[in-house]
Amino acid sequence: MIRSKLPDVGTTIFTVMSRLAIEHKAINLGQGFPDFDPDPALCALVTKAMADGHNQYPYMPGVAPLREAIAAKTRELYGHAYDPETEITVTSGATEALMATVLAAVGSGDEVVVIEPCYDSYLPAIRLAGGTAVPVPLRAPTETDPYYRIDWQRVRDAITSKTRLLMLNFPHNPTGAVLEESDLDALEAIVRDTGVLLVSDEVYEHIVFDGKPHASVARRPLLAEHAFVISSFGKTYHTTGWKIGYCCAPRQLSAELRKVHQFMVFTVPSPMQFALAEFMRDPKPYLDLPAFYQEKRDRLSQGLAKTRFRPLPSPGTFFLLADYSQISKQNEADFARDLTVKHGVTVIPVSAFYRQPDAAESNHRIVRFCFAKKDATLDAALERLANV
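Looking up the protein chain in an unreviewed UniProt entry gives the name Pyridoxal phosphate-dependent aminotransferase, with the organism given as Achromobacter seleniivolatilans. The record in UniProt for the protein chain states the following under Cofactor (unreviewed entry): "pyridoxal 5'-phosphate".

This part is about the overall build of the protein chain. Across its full length, the protein chain carries 15 helices and 13 strands. The C-alpha atoms of the protein chain give 20 Å as radius of gyration, which agrees with the globular expectation for 388 residues (21 Å, within 12%). Over its C-alpha atoms, taken along the principal directions, the protein chain stretches across nearly 55 × 55 × 55 Å. Taking the intrachain contacts of the protein chain between residues at least 6 apart in sequence as the baseline, contacts between residues at least 24 apart amount to 75%. Carbon and sulfur atoms form 51% of the exposed surface of the protein chain, whose accessible area is close to 16,900 Å².

Sheet architecture is open: seven strands sit in the order 2-8-7-6-5-3-4, paired in mixed fashion. At either margin of the open sheet sits one strand with a lone partner, and together these are strand 2 (88–91) and strand 4 (132–137). Averaged over all pairs of adjacent strands, the angle between their axes in this sheet comes to 20°, without regard to strand direction. Relative to strand 6 (residues 197–201), strand 5 (residues 163–169) runs parallel, the two being bridged by five bridges. When the sheet's bridge partners are listed, Asn169 is paired in strand 6 with Asp201. Contacts from helix 4 (residues 93–105) reach strand 2, strand 5, strand 6, strand 7 (227–232) and strand 8 (245–248) within the one sheet, and its direction differs from that of strand 7 by about 160°. Packing of helix 10 (residues 251–264) onto the sheet brings it into contact with strand 2, strand 6, strand 7 and strand 8, and relative to strand 2 it is tilted by some 25°.

In this section: the UniProt feature "domain: Aminotransferase class I/classII large" (unreviewed entry) in the protein chain. Sites flagged by UniProt as "domain: Aminotransferase class I/classII large" (unreviewed entry) map to residues 26–385. Helix makes up 40% of residues 26–385 and strand 16%, whereas the separation of the span's terminal C-alpha atoms amounts to 12 Å.

Let us look at unusual backbone geometry. With the exception of glycine, most residues fall at negative phi, and the peptide bonds are largely trans. The step from Phe170 to Pro171 runs through a cis peptide bond, and the omega angle for that step is -10°. In this model, Asn173 is joined to Pro174 through a cis peptide bond whose omega is 20°. Topologically, Pro174 is positioned in the loop between strand 5 and helix 7 (181–194). Even without glycine at this site, Asp210 takes up a positive phi of about 60°. You can see Asp210 is positioned in the loop between strand 6 and helix 8 (221–225). Asp210 gets classed as partly exposed once you look at its relative accessible area, which sits at 49%.

So, how was this worked out
- Residues numbered from 1 in each chain as written.
- Predicted model: local features only at pLDDT ≥ 70, side-chain atom pairs only at ≥ 80, totals over all residues.
- Heavy atoms only, no water.
- UniProt positions renumbered as here; feature names shortened; annotations may be inferred.
- Helix = DSSP H or I, 4+ residues; strand = E, 2+ residues; numbered from the N terminus.
- Rg over C-alpha atoms; globule rule 2.2 N^0.38 Å.
- Contact = heavy atoms within 4.5 Å.
- Areas by Shrake-Rupley, 256 points an atom, 1.4 Å probe, with all protein chains shown as cover.
- Pairing = 2+ DSSP bridges.
- Axes fitted to C-alpha atoms, helices over the stretch in contact; angles between N-to-C directions.
- Buried < 20%, exposed > 50% of the residue type's maximum accessible area, 1.4 Å probe, protein only.

Here it is, written out as structure tokens:
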């Protein structure tokens, strides 16, 4: 018998809800990935890379053209110059980058401050590393202020002599919250005073709406010096199934990350890396991404406003939250299940992103919709939701 290292971890809520959607032939707005294909030109570049012989193990940290393209983009957008040879590592998706970072930086007895609700891989990664997660909740939306907001004083208060990392995720999954310059100011003061290291999960960096720039921690030299900045090509180029992400970090931090990375996956597929490097020569696809997704966000939000759901603002990501308190008093998990079974639309309960999903303080009668879908998919879902 194997002693489980994650005894409290079962099948993720995403798998559970997706399976339920299939069983009941529901329209799945729970899955956090597009139901449309990437640019055919990008796929053609993968085929070309294969034909050109890029089919064997690539260099462990990632092929040079791709790391150079990442460095150039980051310098242009955020003003920070990472050395592509020693400070940029291509990973098997952002999830592997997160796991490798936590395993590299956290040991037995260390504490890691996380912001709840948080993406489901954070807590297991911390536990596998022997660390202890210290959750700090976002302030939930109210009728007068419908945004999730971070309380930086609570974050500061959570940091102790045992704190090894502070994990951030902005634009934020599942709430869509984004950082402002004032947030970076507050974070900078915390790092200056405590020296805490940061993990900044920025996979939705190119999906920020209403003309606002993404407030990457790479914009601030002090923060960049203390941070593992992680992103994903899956979210940017509609290629979540390719599982290619990257981590930018100072030389010393990258060196430790790579020690873990080389024994987790060693490296990631060659043809995709070469194709992405070539595709990145044109910035238009990621520069146009906010407008592309904002149109879908508005389509879903305006449609939900005609139902009994109350859509909340979505400043970033391809997720939209909605309050269902006018429809049901059920907790979020039960409501999401009933919505799938009885009405044929699948969503994700926000409570699933908390360490204690069944607790009253984790349930605000809010569910997450994904709008990275074809317009026809969104319209069909809205037609069903009108009857809820």
